[in-house]
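# Notes for the structure review
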Amino acid sequence: PEYFENDDLTDHGKFDSNAVSNPFYRIDKKIDFDWTDQQPVVESSTEFAPWLNKKKIGPDFFSARWTGLVKPDHSEVYTFSAEVDDGIRVWVDDLLVMDYWYVHSREVDGTIALMGSTMYNIKVEYRDITGNATIRFRWRSKSQTKEVVPSAKFYHATTSTSLSWPPLNTVDTV
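So, here's what we can say about the structure.

What counts, and at which threshold
Residues numbered from 1 in each chain as written. Predicted model: local features only at pLDDT ≥ 70, side-chain atom pairs only at ≥ 80, totals over all residues. Heavy atoms only, no water. Helix = DSSP H or I, 4+ residues; strand = E, 2+ residues; numbered from the N terminus. Buried < 20%, exposed > 50% of the residue type's maximum accessible area, 1.4 Å probe, protein only. Core = buried A, V, L, I, M, F, W, Y, C linked by side-chain atoms within 4.5 Å. Contact = heavy atoms within 4.5 Å. Salt bridge = Lys/Arg side-chain N within 4 Å of Asp/Glu carboxyl O. Pairing = 2+ DSSP bridges. 1 Å grid on protein atoms, 1.4 Å probe; cavity = no way out; pocket = protein on both sides within 12 Å on 5 of 7 lines; lining within 4 Å. Points joined across faces, edges and corners; volume = space filled by probe spheres on them. Nonpolar A, V, L, I, M, F, W, Y, C, P; charged D, E, K, R; others polar. Lys, Arg positive; Asp, Glu negative; His and termini not counted.

### A few points about unusual backbone geometry
Looking along the chain, the bond that leaves Gly58 and enters Pro59 is cis, with omega of 10°. As for its placement among the helices and strands, Pro59 is situated in the loop between β4 (32-36) and β5 (62-70). Phi is positive for Asp93, close to 45°, though the residue is something other than glycine. With respect to the helices, strands and loops of the structure, Asp93 is situated in the loop between β7 (87-92) and β8 (95-100). Although it is not a glycine, Asp94 adopts a positive phi angle of roughly 65°. Following the sequence through the fold, Asp94 ends up in the loop between β7 and β8. With a relative accessible area of 74%, Asp94 lands in the exposed category.

Right under this line is the structure:
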């Protein structure tokens, strides 16, 4: 995903609103985080490219965007569910299925019909304002119990390799 220094999915400089820097990038195997009041990315992080990471993101007023592909097993209606503190938006093949961009902790659902063994573009946007920072991204269907979307069903947008095969510099979740 991309991790941003602001809660609006931008990376303007802390002291100069006209200054723009790049977000911090890494590969997360799944979206299942409870940072509580910790930082999702710290300046001394060696998770990806320590010589490039000059960022101190969080613990408050940060955001993240995960993009890639998701591949369901069954041809059914799926319910995506997210436990978030604070906001989330989810698109599946450019269709907005979840839109909760508020400053409250909540579980949010969105449904969509999917075909089994088909890859779908997915974009998940998250923001934290203040206090605890949590995101747990789950799914369920008639044939599948509710679970965090497993790494075996997430694919990076530039490859057909599942994120369950441990690529270099990935981050396990809590």
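### Topic: the nonpolar core
Phe80, Ile88, Ile135 and Phe137 are the most contacted members of the largest nonpolar core, which totals 34 residues. Put simply, the parts of the chain that give this core at least two residues each are β4, β5, β6 (76-85), β7, β8, β9 (106-114), β10 (120-128) and β11 (133-141). Not counting residues up to four positions away in its chain, the partners in contact with Phe80 are Val92, Met98, Val108, Asp109, Gly110, Ile112, Leu114, Ile122, Phe137, Arg138, Trp139 and Val149.

### What to know about the pattern of salt bridges
One pass over the full model with this rule turns up ten salt bridges. For the salt bridge of Asp28 with Arg26, the shortest nitrogen-to-oxygen distance reads 2.7 Å. Comparing Asp28 with Arg26, the two get one shared label, buried. Residues joined in a network through salt bridges with shared partners are Glu2, Arg65, Arg89 and Glu125.

### Considering the pairing of β10
Most of β10 sits inside the fold, with seven of its nine residues counted as buried. Direction of pairing for β5 relative to β10: antiparallel, over a ladder of nine bridges. The residue of β10 that forms the bridge with Arg65 is Glu125. The sheet contact formed by β7 and β10 spans six bridges and is antiparallel. Across the sheet, the residue bridging to Val92 is Ile122, located in β10.

### Section: the layout of surface pockets
Taken as a whole, the largest pocket encloses approximately 290 Å³ of empty space. Considering the residues around the largest pocket, the lining is formed by 20 residues, among which Pro1, Trp66, Thr67, Gly68 and His156 are closest to the centre. Mapped onto the lining of the largest pocket, the elements with two or more residues apiece are β3 (27-28), β5, β10 and β13 (154-155). When residues of the lining of the largest pocket are assigned to their parent elements, the largest contribution, five residues, is made by β5. Residue composition of the lining of the largest pocket, grouped by class: eleven nonpolar, three polar and six charged.

### A short note on the side chain of Asp85
Position of Asp85 relative to the elements: it lies in strand β6. Salt bridges are absent for the buried Asp85, whose nearest opposite-charge side chain, Arg127, sits at 9.4 Å.

On their own, these measurements won't tell you what the molecule is for.
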